[in-house]
Structure formats: C-alpha cells, structure tokens
Amino acid sequence: MTPAEIAPKDRLIVALDLPSVDAAEAMIARLGDSVTFYKIGYRLAYAGGLPLVAKLADSGKKVFLDLKLHDIGNTVSQGVESITRLGATFLTVHAYPQTMKGAVEGRGSSTLKILAVTVLTSYNSDDLHAAGYRLGVSELVEARAQQAQVLGIDGLVSSPEEVGALRKIVGHQMHLVTPGIRPAGSATGDQKRIMTPGRAISAGADYLVVGRPVVEASDPRAAADAIQAEIAQALA
Ligand SMILES: O=c1ccn([C@@H]2O[C@H](COP(=O)(O)O)[C@@H](O)[C@H]2O)c(=O)[nH]1
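Counting restarts for each chain, with residues numbered from 1 along the sequence as it is written. The model is predicted, so local features are restricted to residues of pLDDT at least 70 and side-chain atom pairs to those at 80 or more, both for listing and for counting; the totals for chains, interfaces and linings are taken over all residues.

Let's talk about the overall build of the chain
Let me state the cut-off plainly: What counts as a helix is a DSSP run of H or I of at least four residues, what counts as a strand is a run of E of at least two, and both are numbered from the N terminus. The globule rule is 2.2 Å times the number of residues to the power 0.38, and the radius of gyration it is compared with is taken over C-alpha atoms. Whether a residue is buried, exposed or partly exposed is read from the other C-beta atoms within 10 Å of its own C-beta, which are placed from the backbone; 20 or more gives buried, 12 or fewer gives exposed, and intermediate counts give partly exposed. Contact between two residues is assigned when their C-beta atoms, built from the backbone, lie within 7 Å.
For the chain, the count of helices and strands is eleven helices and eight strands. A compact globule built from 236 residues should have a C-alpha radius of gyration of about 18 Å, and the chain, at 17 Å, falls within 12% of that. C-alpha extents for the chain along the principal axes are approximately 40 × 35 × 35 Å. Every one of the 236 residues in the chain was classed for burial, and the buried ones make up 41%. Looking at the chain alone, contacts between residues at least 24 apart form 66% of all its contacts between residues at least 6 apart.

Now the structure itself:
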C-alpha cells in the first residue's frame, strides 16, 4: 500500500499501554469505530496481551506489535517467524544491521511488515552521546534508514522531526511511523522529539502513534476524534 492509499482514519495508531487485557478491551470498546489501528507494546504484551492480536485482527482492526526486538540474528529470525502467525500488521525491531537482517529473514514472504526503530523519540543528541554514540540524532536516524532500506525493511519508526529527511532517502517505498505525537497543550511526558498530529502529517508521516494523550484522557473517544479531525484537515 502506498502512503496515498492509506485511509485517513487508519493513520492514527493508539498505543494500548494499559495494565491488563481487561483494561485494554474496555478502552477498545470506549474508542469504538473512532480507532481502527492499535499498538500493543511491552506493558500489555507482558500482561497477557498477545492473544489480543488475533482477537483484534478477527474483529477487523489492525495491530502494531511494538516488541522492539534486538538479539543475535538467528534468535531474531526465529522469533519473527513465530510472530508471523499472530496476525499483526507491523512488528518493530531495533535498527541494528544483524537484527534487521534476521527480522527480514524471519518475516519471509508473510504479510507481516517489519519496522525498524531508528532512534527512540525520548532521546536527543545528548542522550545518544551519553550512551556512547558519536553521531547525533539526525545523522544516526539517516544512517540507520539507509541500512534498513538496503536490508529490505518495510518501514521506519522515527520522530516526525526526521520524516522530511527520511522521505528524501527512502521515497515512498517504506512506511514512516511516528510516535512523539502531542496534541497542542498536552503533557510532553518523557518524549523529547515531538510534534502535533497535524504538523506530523503535513511533514509527511504515514502513521501517528499516540498513547497517553488518548488512553489517559478523561474522554478517550473525544481525544481520538480530535486527533482524527486534525489528521483529516492536514490531508485535505
Ligand atoms: O521511538 C519510539 C518508539 C516507540 N514509542 C512507543 O510509542 C508510544 C508512545 O506513547 P505516548 O504515551 O504517546 O508517549 C509508547 O508505547 C512507546 O513505547 C515511542 O514513544 N518512541
């Protein structure tokens, strides 16, 4: 699917960062037809949430499994091969060459799309240097995007700040998926590279990942509807 073919409503991915399957199912019910795409990450996956992947897929929703795998290539490959049977649309791995190569091997010809996490959106260049990296955020994101493209990765996770530069590198062949989304006035939390939904779409992001601004809102459905409206306006 090219970016132009993605339905506006499918561009919002709500992160189900909730403590239990019951809490996640209650949130899904509250959000109803406002949300078509959900992300399952550490919190829910380690609280018994993996069976929810098939359940959501069977109900017509899409699932982004955000497990951010990183291990020796053989282990990543075998893990991804198991994950191909769960019914997810997207799976994340960290953008290290051996990891990405293993993930592409494990994905094989299945419909699962592998997204490489370039640099976490809670990091700035000082954080990278403190972790021992020589490159700053934009240089590392771009270097990893080039490696991901060569290795056959399907998409990239970055902040919306890097999307313009990434498009020039990967064109429209890869999905650009952006967390670090904050509607105007919402709390930043631990995110450091952020943008509003409308600005992220205008910058060229294909998908926006939003967690706390929706699931911790007093009215999650109203929060999701407001983001959907901002996305639609930016695309109009
Ligand atoms: O670079 C990354 C990669 C993944 N995430 C995940 O996205 C959501 C964002 O949640 P918010 O509450 O909207 O901050 C969360 O599940 C992260 O694990 C990311 O933020 N940055």
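Some remarks on the site of the ligand
Applicable threshold: Placing a C-beta atom from the backbone of each residue, we mark the residue near a molecule or strand if the atom is within 6 Å of it. Just so you know the grouping, Ala, Val, Leu, Ile, Met, Phe, Trp, Tyr, Cys and Pro go in nonpolar, Asp, Glu, Lys and Arg go in charged, and all remaining residues, Gly too, go in polar.
Around the ligand sit 16 residues in total, of which Ala15, Thr121, Pro179, Gly211 and Arg212 are the nearest. At the level of elements, β8 (207-210) and α10 (212-215) are the ones that each hand at least two residues to the shell around the ligand. Classifying every residue of the shell around the ligand gives eight nonpolar, five polar and three charged.

Focus on helix α11 (residues 220-235)
Rule in force here: An expected span of 1.5 Å times one less than the residue number is assigned to each helix. Throughout, the arc means that of the directions going from the helix axis to the C-beta atoms.
Taking 1.5 Å per residue as the helical rise, α11 with its 16 residues ought to reach 22 Å, and the 23 Å between its terminal C-alpha atoms agrees with that figure. Those residues of α11 that sit buried are Ala223, Ala224, Ile227, Glu230 and Ile231. Buried residues along α11 cover an arc of 120° about the axis, so they all sit on one side.

Focus: the environment of Leu69
Mapping Leu69 onto the fold places it in strand β3 (residues 62-69). Residue Leu69 is classed as buried on the basis of its 21 C-beta neighbours within 10 Å. Spatially, the C-alpha atoms of Leu69 and Ile83 are 11 Å apart, while their sequence positions differ by 14 residues. Not counting chain neighbours up to four residues away, the residues in contact with Leu69 comprise Val76, Gly79, Val93, Thr99 and Ala103.

Observations regarding the sheet that holds strand β2 (residues 37-40)
Test applied: A strand pair is defined by DSSP finding two or more bridges across the two strands. A fitted line through C-alpha atoms represents every axis, and for helices the fit uses only the stretch in contact; the resulting angles, taken between N-to-C directions, go from 0 to 180 degrees.
An order of β1-β2-β3-β4-β5-β6-β7-β8 is seen for the eight strands of this closed barrel, with the pairing classed as parallel. Each strand of the sheet is rotated relative to its neighbour by a mean of 25°, with strand direction disregarded. Taken together, the three bridges between strand β6 (residues 155-157) and strand β7 (residues 175-178) define a ladder with parallel strand orientation. By the bridge assignment, Leu156 is partnered in β7 with Leu176.

Considerations on helix α3 (residues 51-58)
Along α3, the residues classified as buried are Leu52, Val53 and Leu56. Viewed end-on, α3 has its buried residues packed into an arc of 110°, placing them on one side of the element. Exposed residues pointing more than 90 degrees away from the buried face of α3 are listed as Pro51 and Asp58. The inward-facing, buried residues of α3 contact α1 (21-31), β2, α2 (42-49) and β3. Phi turns positive, to about 95°, at Gly60, one or two residues after α3.

Any functional reading would require information that these geometric values do not contain.
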